[in-house]
Amino acid sequence: MAKTSNSGGKNGVRIVVAGDRGTGKSSLIVTAAADIFPTNVPPLLPPTRLPQDFYPDGVPITIMDTSSNPEDRGKLAEELRRADAVVLTYACDKPVSLHRLSTFWLPELRQLEVKVPVIVVGCKLDLRDEQQQVSLEQVMSPIMQQFREIETCIECSAFKHIQIPEVFYYAQKAVLHPTGPLFDQESQTLKPRCVRALKRIFILCDNDRDGALSDAELNDFQVKCFNAPLQPSEIVVVKRVVQENLVEGVNERGLTLTGFLFLHALFIEKGRLETAWTVLRKFGYNNDIELLDELIPYSSLKRAPDQSVELTNDAIEFLKGLYELFDADCDNNLRPQEVEDFFSTAPESPWNDAPYKDAAEKTALGGISLDAFLSEWALMTLVDPARAVKNLIYVGYPGDPASAICVTRRRHLDRKKQQSERNVFRCFVFGPKNAGKSSLLNSFLRRPYSDAYTLSADECYAVNVVELPGGVKKTLVLQEIPEDGVRKLLSNKESLAACDIAVFVHDSSNESSWKRATELLVDVATHAEDTGYEVPCLIVAAKDDLESFPLAIQDSTRVSHNMGIEAPIPISSKFGDFSNIFRRIVSAAEHPHLRIPETEAGRSRKQYHRLINRSLMFISVGAAVTIVGLAAYRVYATRKNSSS
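Residues numbered from 1 in each chain as written. Predicted model: local features only at pLDDT ≥ 70, side-chain atom pairs only at ≥ 80, totals over all residues. Heavy atoms only, no water.

## As for the overall build of the protein
Okay, so step 1: When helices and strands are counted, the protein shows 21 helices and 19 strands.
Okay, so step 2: A compact globule built from 644 residues should have a C-alpha radius of gyration of about 26 Å, whereas the protein, at 35 Å, is more than 25% larger.
Okay, so step 3: Scored against the burial criterion, the 644 residues of the protein give a buried share of 47%.
Okay, so step 4: Taking the intrachain contacts of the protein between residues at least 6 apart in sequence as the baseline, contacts between residues at least 24 apart amount to 72%. (Helix = DSSP H or I, 4+ residues; strand = E, 2+ residues; numbered from the N terminus. Rg over C-alpha atoms; globule rule 2.2 N^0.38 Å. Buried < 20%, exposed > 50% of the residue type's maximum accessible area, 1.4 Å probe, protein only. Contact = heavy atoms within 4.5 Å.)

Written as C-alpha cells, this is what we have:
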C-alpha cells in the first residue's frame, strides 16, 4: 500500500506554532527538525520543512513559527487562518503561560474562526518545579472540557529531547486522521455520519446478504482495506474480543453490524484512528465522511442551460426494487421511519430539508407512495443531479453511476421538432401575492384547502406524477416564484432556460391581481424574447368560486389575443374544480413550439427582421438578374465579334 493512500488526499500539512513569548516555540521546532537543542535561536524562524519520510504517513510537514509581539498580530492571524493544525505552547515552569491558553489563545482562535485541530504542548518540562508536580490530565481536563477543538495535550523538553517528535506526529495525525468527524468524546460514541458510513461498508462487504460477515467476508474486507489477509487464528481473536464485550456482536454466521461498529469504536478509543480512516478512505470517503467528488461522473452531467437531467430506466427500476424491499408490509406506503431506514447508509436523509421536505404527496398515514417516492428522486435529479447520483451510490446502486442519469435534448431543438421527449417537466408558477399560487401547489399534492394566507418560502416546490390519456405518466415539478423574487430571477440571463412552461396565476375576483399578473407575463415574455429562451405560457384564473371583477372576460380575451396564447383557465381550489389544469400544463410543455406569448416589442422586432430578410431577398434576386444579363451580353458581344 502506498504511503500516501491514507492521507485523505493531502499533499502536505501546514502546522503553525503559537504561544506566549519565551514558551519554547523556536527551540521546539529546531530540535524536531535537526535533533539538536539550539543554544541560540533567532526571534522568528523561517518556515521549517520536515521531509516526506519523517513520519509513517509519508506526507511532508511545513512548520510555521510565529511572533507573539503585539505589532505582529496581523501576520499571526494570517498564519493561523492558513493552518491545517495549530500547536499552542506554554512553559511548564510558567503557570501564567498555561492560564493564558484559556484566557487569550484559545478564545483568539475562535474569534479568528480557525477551525482546525489544536495540540496543546507544555514545553520546558525539565524546568518544572519538582515541588509542584501535577498530572497533565488534572491540569488540562477543565480546559479540554471548555475547548473541544483541543485534539490532544503533551508535555516535552527540547533540552532533554523528551517527546519532541511526538508533538508534530500528533499534529499531523490530527489533520490526516481527525477524531472529530468520527467520535464524540463527550458521549464516547461513534458519530451518526460515521455509523452510517460503516453501515454502508458493512452491507457492501456482506456479499451473501445474511446480515453478518463470515470469516471469508472478513478476510476479503481486510485484504481490500489493508492489502494483507487475516490468519484464521486472528479472525478467532477478533470475534472473541467482540463477543466478550458485546454478545450480540457475533452470531453463528459471523460478525454482525453491531459487532462491526463496536470494533471500529474500539480502534478509535485506543487511538488507532488511522485504522478507521483507512477503511473509510478505501470505500471513497473524505474527511467530512461524504463520498469523494471523483466518484461522481461530472462529465456526464455537463449540459447546456436549456437541458435537464433525468434518471434512466435502470436507475428507476433499481429504486422501485428498493422501495418494495423497504415497504415491508407492501401497502404502497413508505412511512417516515422507513424513509429514514432507506437513507441510513447516506450521511443524512436528503429529504429532511428544503427543497425536498414537503415537496411530495403524503399518504393518509403520513408516508409516501411509490409515485411520490420516485417524484422526490426526479426532483432531486432535476435540481441537484450530483447530489442525486451521490445518494444513489449511498443506497447501493450497483452499476456505473453514469448509467443512472441522462441529459435531455436542448429545448430549442424540441421547439424545432415540435415535441419534447422529456419525462420530467419544470413549471414556474408566477403571480402576485394572495393570487392562489400556494393553493395550486397544495392542490397538486392533494392537500386540504385552507382560506388562511401564508407567505411562501423562497424555495417552494411541489412534485407529482401526472397521468395523461393513454396511461402515459409524466412527472411535473411546480416551482412557486414569489412576486418579490421575480426581479432577481430575471436578472439572470439564463433564468428561463431551466423552465419548460410558465403559469401565471391571478385572483379572478380582483382586478389589481389580474393587472399585476399580466405585467408579470409581459416581463417574463420580454425576458424570454431578449434571451432566446422562450417558454410556453398559460394563464390561470384562480378563485373561480368568487364573482369575477367587471370586464374580466373582455380584458382577458384582449390580452390572450394580443399575446397569442390561450384564454385564462378557471380553477377553484376551494371547490376542487381544476379544469384538468395539471394535464394541460404537461400537454403544453410537451409541445414547446405552441402557446409562446409575443409582446408588442417582440412582434415589431419580428416584422423588422422579416422586412430585412425580404429586402435582402429582392437585392439577391436583382443581383442575380444583373449577373445573368451581363453574362448574356458578353456571349452576344463575343458572337458578334466572331461573325465580323
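Back to the write-up after that little detour.
## Brief notes about the packing of helix α11 (residues 313-326) against helix α13 (residues 370-383)
Okay, so step 1: α13 packs onto α11 with a crossing angle of 135° between their chain directions and a minimal axis gap of 11 Å. By the angle between their directions, the pair α11 and α13 is classed as oblique. Where α11 crosses over α13, the two elements pack in a sense that is right-handed. Contacts from I316, L319, K320 and Y323 of α11 reach α13 at L370, F373, L374 and W377.
Okay, so step 2: Of the residues belonging to the contact of α11 with α13, the class tally is seven nonpolar, no polar and one charged. (Axes fitted to C-alpha atoms, helices over the stretch in contact; angles between N-to-C directions. Parallel < 35°, antiparallel > 145°, perpendicular 65-115°, else oblique. Left-handed = near helix turned anticlockwise from the far one by under 90°. Nonpolar A, V, L, I, M, F, W, Y, C, P; charged D, E, K, R; others polar.)

## Remarks on the packing of aromatic side chains
Okay, so step 1: Under the definition given, this model contains 20 aromatic pairs.
Okay, so step 2: An angle of 85° between the planes, with centres 5.3 Å apart, marks the rings of F37 and F159 as edge-to-face. Of the two residues, F37 is situated in the loop between α1 (25-34) and β2 (48-50) and F159 in the loop between β6 (150-155) and α5 (164-176); the sequence distance between them amounts to 122 residues.
Okay, so step 3: Note on F159: relative accessible area 52%, which makes it exposed.
Okay, so step 4: Ring geometry for F326 versus F342: centroids 5.3 Å apart, planes at 65°, classification edge-to-face. Of this pair, F326 sits in helix α11 while F342 sits in helix α12 (residues 336-342), placing them 16 residues apart in sequence.
Okay, so step 5: Here the aromatic residues Y323, F326, F342, F343, W351, F373 and W377 are joined through ring pairs into a cluster of three or more.
Okay, so step 6: One cation-aromatic arrangement involves K224 over F283; the distance from NZ or CZ to the ring centre is 4.9 Å. (Phe/Tyr/Trp six-rings, centres within 6.5 Å; stacked < 30°, edge-to-face > 60°. Lys NZ or Arg CZ within 6 Å of the ring centre and 35° of its normal.)

## Here's the deal with empty space enclosed by the protein
Okay, so step 1: In total, this model carries one cavity of 30 Å³ or more according to the counting rule given.
Okay, so step 2: In this structure, the largest cavity encloses a volume near 30 Å³.
Okay, so step 3: V524, A525, A528, E534, V535, C537, I596 and P597 together form the lining of the largest cavity.
Okay, so step 4: Here the element with the most residues in the lining of the largest cavity is helix α18 (residues 511-531); it accounts for three residues.
Okay, so step 5: Across the lining of the largest cavity, the residue classes tally to seven nonpolar, no polar and one charged. (1 Å grid on protein atoms, 1.4 Å probe; cavity = no way out; pocket = protein on both sides within 12 Å on 5 of 7 lines; lining within 4 Å. Points joined across faces, edges and corners; volume = space filled by probe spheres on them.)

## Focus: the nonpolar core
Okay, so step 1: Grouped together as the largest cluster of nonpolar side chains are 74 residues, with contacts concentrated most on L182, I201, F373 and W377.
Okay, so step 2: Among the elements that line this core, the one with the most residues is α13, at eight residues.
Okay, so step 3: Apart from residues no more than four positions distant in its own chain, W377 is found in contact with L311, L319, F342, F343, W351, A388, N391 and L392.
Okay, so step 4: Of all hydrophobic cores here, the second largest spans 28 residues; its members include V429, L445, A462 and I585. (Core = buried A, V, L, I, M, F, W, Y, C linked by side-chain atoms within 4.5 Å.)

## A few points about the pattern of salt bridges
Okay, so step 1: Tallied over the entire structure, the rule returns 34 salt bridges.
Okay, so step 2: As a salt-bridge pair, E79 and K75 come within 3.4 Å of each other at their nearest N and O atoms. With E79 and K75 both in helix α2 (residues 73-81), this residue pair falls four residues apart, about one helical turn.
Okay, so step 3: For K75, a relative accessible area of 47% translates into the label partly exposed.
Okay, so step 4: Put simply, R409, D414, E421, R422 and D500 are held in one network by salt bridges that share partners. (Salt bridge = Lys/Arg side-chain N within 4 Å of Asp/Glu carboxyl O.)

## A short note on the UniProt feature "domain: EF-hand" (unreviewed entry) in the protein
Okay, so step 1: According to UniProt, the "domain: EF-hand" (unreviewed entry) feature falls on residues 314-349.
Okay, so step 2: Counted over residues 314-349, helix gives 56% and strand 0%. Its end C-alpha atoms are 22 Å apart. (UniProt positions renumbered as here; feature names shortened; annotations may be inferred.)

## Let's talk about the pairing of strand β14 (residues 424-430)
Okay, so step 1: Summarising burial for β14: seven of the seven residues are buried, a large majority.
Okay, so step 2: The side-chain alternation of β14 yields two buried faces, one formed by V424, R426, F428 and F430 and the other by F425, C427 and V429.
Okay, so step 3: Pairing geometry for β14 and strand β16 (residues 473-480), over six bridges, is parallel. Bridge pairing in β16 places R426 opposite V477. (Pairing = 2+ DSSP bridges.)

## Thoughts on the sheet that holds strand β11 (residues 254-256)
Okay, so step 1: Read across the open sheet, the three strands follow the order β9-β11-β10; overall the sheet is antiparallel. Since the sheet does not close on itself, it has two edges, and those belong to β9 (212-213) and β10 (250-251), each with one partner.
Okay, so step 2: Against the sheet, helix α9 (residues 257-269) contacts β9 and β11, and its axis sits at roughly 75° relative to β11.

## Details of the side chain of S375
Okay, so step 1: Positionally, S375 belongs in helix α13.
Okay, so step 2: For S375, the side chain forms a polar contact with the main-chain oxygen of D371, separated by 2.7 Å.
Okay, so step 3: S375 has contacts with V463, N464, V465 and T475, leaving out every residue within four places of it along the chain. (Polar contact = N/O pair within 3.5 Å; in protein donor to acceptor, adjacent residues only side chain to side chain.)

## Regarding the environment of E252
Okay, so step 1: Mapping E252 onto the fold places it in the loop between β10 and β11.
Okay, so step 2: Sequence spacing of E252 and A212 is 40 residues, and the spatial spacing of their C-alpha atoms is 8.8 Å.
Okay, so step 3: At 3.3 Å, the side chain of E252 forms a polar contact with the side chain of R253.

## Here's the deal with helix α20 (residues 581-590)
Okay, so step 1: Burial of α20 is extensive: seven of the 10 residues sit out of reach of the surface.
Okay, so step 2: When we look at burial in α20, the residues that qualify are I581, F582, I585, V586, A588, A589 and E590.

## Quick word on the sheet that holds β16
Okay, so step 1: Read from one edge to the other, the open sheet built from six strands follows the order β15-β16-β14-β17-β18-β19, with strand pairing classed as mixed. Each of the sheet's edge strands pairs with one partner strand only, and the pair in question is β15 (460-467) and β19 (569-570).
Okay, so step 2: As defined by bridge partners, β14 adjoins strand β17 (residues 501-507) across four bridges and the pair is classed as parallel. Looking at β17, one finds that F430 is bridged to F504.
Okay, so step 3: On the sheet, helix α16 (residues 437-444) packs against β14, β15, β16 and β17 and is oriented at approximately 45° with respect to β15.
Okay, so step 4: Those strands touched by α20 are β14, β15, β16, β17, β18 (537-542) and β19, and its axis lies near 100° from that of β16.

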